[in-house]
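# Summary of structural features
Listed here are the chains, written in short residue letters.
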Amino acid sequence: MPSNDQPGRTAAVIAAYSPPESLVEAIRRLRGQLDHIVVVDDGSPADSAPVFARLAEQGATVLHQGTNQGIAVALNTGIRTASEKWAPEFFLTLDQDSLVTDRYVELAHRTYADAKAKGLDVAFVCAASYSGHAVPTIPSHDGFLHAFDPMQSGFVIPRSTIDRVGAFDEGLFIDGVDSEFTVRSRTAGLDVLVGAGCDIDHDLGQRRPGTLFGRQVRIGGTMLSYNYHSPGRVYYICRNGTILTKRYALKAPKWVARRLVEELKAHLLRFAFSPVRLTLLRAAARGFWDGAKGVSGRIPVELERRIR
């Protein structure tokens, strides 16, 4: 049974696409913290069926979508299903490659309750770290850590927040879904808090060394590295980042400015060191253009084929 005193109060929602076998163990461990788990299959190929079957054996409710509709649709579908079946007070959203610590849910609820007792209007509680990397924060003077731009894996969201600000933005499809939900909540007057002790093991993607002429570049004592993303992913990063900038530049100028600086640093490293930098530049240019025009949804098939 879950360790908190209200075992049905939180439902986990996990978006999955070709999930790894490790998700089965993650579900088994998560069942020690809450009763209800929904896994949304976002259009996985047929060879993923055995993994989904084992997830169901572990007690997860598995929902299958015929096509990949993006993480926002998957999360919203899971939240809607959990609401209809169990009416939980909170939702824990997770990626398929995330493994929470054993008391994650309990500690997130403790941060939420402590903040509410001190008069804070809490949007949600997020992870404190991902694989040992602390979540960036913004200045505060209330004794709590306020997250800057956290990843959605590990969000513990009260149902009241979704009733107040709405669900995840399905038009963004992939990148920026968590950022948009964060800044939308904050501009509605809610606080986005870091859960004390809420740590997650999470795949942080392909980190590659920055090399020139076969040698890794060093600045001072630091060896440069960068996060590699496919051209399609870079398209979404640039398009959705532009959409967020346009949408929130006046409502949250400091947040937008800081996010732009962080994205600029990532882009400079990516375009300087990636072996497919020209393709990435074409993908980025189209992403910025489409974002400026307000294009949303899935990347056009023709464009995806050209920049692959």
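Please read all numbers here as calculations on a predicted model, not as lab measurements. (Residues numbered from 1 in each chain as written. Predicted model: local features only at pLDDT ≥ 70, side-chain atom pairs only at ≥ 80, totals over all residues. Heavy atoms only, no water.)

Further remarks concern the environment of Gly78. Here Gly78 lies in helix H3 (residues 71-86). For Gly78, a relative accessible area of 0% gives the class buried. When neighbours within four sequence positions are excluded, Gly78 is seen to be in contact with Val13, Val38 and Val40. (Helix = DSSP H or I, 4+ residues; strand = E, 2+ residues; numbered from the N terminus. Buried < 20%, exposed > 50% of the residue type's maximum accessible area, 1.4 Å probe, protein only. Contact = heavy atoms within 4.5 Å.)

With that settled, consider the sheet that holds strand S8 (residues 133-134). With mixed pairing, 4 strands are arranged side by side in an open sheet as S5-S13-S7-S8. Edge strands, defined here as strands with exactly one partner in the open sheet, are strand S5 (98-100) and S8. Of the pairings in the sheet, the one linking strand S7 (residues 129-130) to S8 comprises 2 bridges and is antiparallel in character. Paired with Tyr130 across the strands is His133, a residue of S8. (Pairing = 2+ DSSP bridges.)

Quick look at the packing of helix H7 (residues 231-248) against helix H9 (residues 277-293) now. Axis separation between H7 and H9 bottoms out at 7 Å; the angle between their running directions is 30°. As summarised for this structure, H7 and H9 are arranged roughly parallel, according to the angle between their axes. Crossing handedness for the pair H7 and H9: right-handed. Contacts between H7 and H9 involve Pro231, Val234, Tyr235, Cys238, Arg239, Thr242, Ile243 and Lys246 from the first element and Thr279, Leu280, Ala283, Ala284, Arg286, Gly287, Phe288, Asp290, Gly291, Ala292 and Lys293 from the second. Partitioning the contact of H7 with H9 into residue classes produces 10 nonpolar, 4 polar and 5 charged. (Axes fitted to C-alpha atoms, helices over the stretch in contact; angles between N-to-C directions. Parallel < 35°, antiparallel > 145°, perpendicular 65-115°, else oblique. Left-handed = near helix turned anticlockwise from the far one by under 90°. Nonpolar A, V, L, I, M, F, W, Y, C, P; charged D, E, K, R; others polar.)

What follows covers the pattern of salt bridges. Here the idea is simple: oppositely charged side chains can pair when their charged atoms come close. Overall, the coordinates contain 14 salt bridges when judged by the stated rule. Across the pair Arg28 and Glu25 runs a salt bridge whose closest N-O atoms are separated by 2.7 Å. Here Glu25 and Arg28 lie together in helix H1 (residues 22-30), a separation of 3 residues that amounts to about one turn. When its relative accessible area of 44% is taken as the criterion, Arg28 is described as partly exposed. Residue Arg247 is joined to Glu180 by a salt bridge in which the shortest nitrogen-to-oxygen separation is 3.3 Å. On the criterion of sequence distance, the pair formed by Arg247 in helix H7 and Glu180 in helix H6 (residues 177-187) is long-range, its members being 67 residues apart. Given a relative accessible area of 34%, Arg247 falls into the partly exposed group. Judged by relative accessible area, which is 2%, Glu180 ranks as buried. (Salt bridge = Lys/Arg side-chain N within 4 Å of Asp/Glu carboxyl O.)

Here the focus is the environment of Thr242. Turning to its location among the elements, Thr242 is positioned in helix H7. Under the relative-accessibility criterion, Thr242 is labelled buried at 16%. Expressed as a C-alpha distance, the spacing of Thr242 and Trp289, which sit 47 residues apart in the sequence, is 8.7 Å. Not counting residues up to four positions away in its chain, the partners in contact with Thr242 are Phe288, Gly291 and Ala292.

Counting 72 residues, the largest nonpolar core has Leu30, Ile37, Val39, Leu55, Leu92 and Phe168 as the members making the most contacts within it. One finds Phe173, Tyr235, Leu303 and Ile307 within the second-largest nonpolar core, a separate group that totals 7 residues. (Core = buried A, V, L, I, M, F, W, Y, C linked by side-chain atoms within 4.5 Å.)

Once that is clear, we can look at the environment of Ser44. As for its placement among the helices and strands, Ser44 is situated in the loop between strand S2 (36-42) and helix H2 (49-57). The exposure class assigned to Ser44 is buried, which follows from its relative accessible area of 15%. For the pair Ser44 and Tyr17, spaced 27 residues apart in sequence, the C-alpha to C-alpha distance is 5.0 Å. When neighbours within four sequence positions are excluded, Ser44 is seen to be in contact with Ala16, Tyr17, Ser18, Pro19 and Phe52. Among the polar contacts made by the side chain of Ser44, one reaches the main-chain amide nitrogen of Ser18 at a distance of 2.8 Å. Engagement of the side chain of Ser44 in a polar contact is seen with the side chain of Asp41, the distance being 2.6 Å. (Polar contact = N/O pair within 3.5 Å; in protein donor to acceptor, adjacent residues only side chain to side chain.)

Here Ser18, not a glycine, exhibits a phi torsion of approximately 45°, which is positive. With respect to the element layout, Ser18 can be found in the loop between strand S1 (10-16) and H1.

Attention now goes to the packing of aromatic side chains. Across all of its chains, the model carries 7 aromatic pairs by this definition. Joined through ring pairs, the aromatic side chains of Phe124, Phe155, Phe168 and Phe181 make up one cluster. Directly above the ring of Phe148 sits Arg258, whose terminal nitrogen or CZ lies 4.0 Å from the centroid. (Phe/Tyr/Trp six-rings, centres within 6.5 Å; stacked < 30°, edge-to-face > 60°. Lys NZ or Arg CZ within 6 Å of the ring centre and 35° of its normal.)

It is at 9 Å that the axes of H1 and H2 come closest, and there the two elements cross at 10°. In terms of their interaxial angle, H1 and H2 are classed as roughly parallel. Contacts from Leu23, Val24 and Ile27 in H1 reach Val51, Arg54 and Leu55 in H2. Looking at side-chain class alone, the contact of H1 with H2 contains 5 nonpolar, no polar and 1 charged residues.

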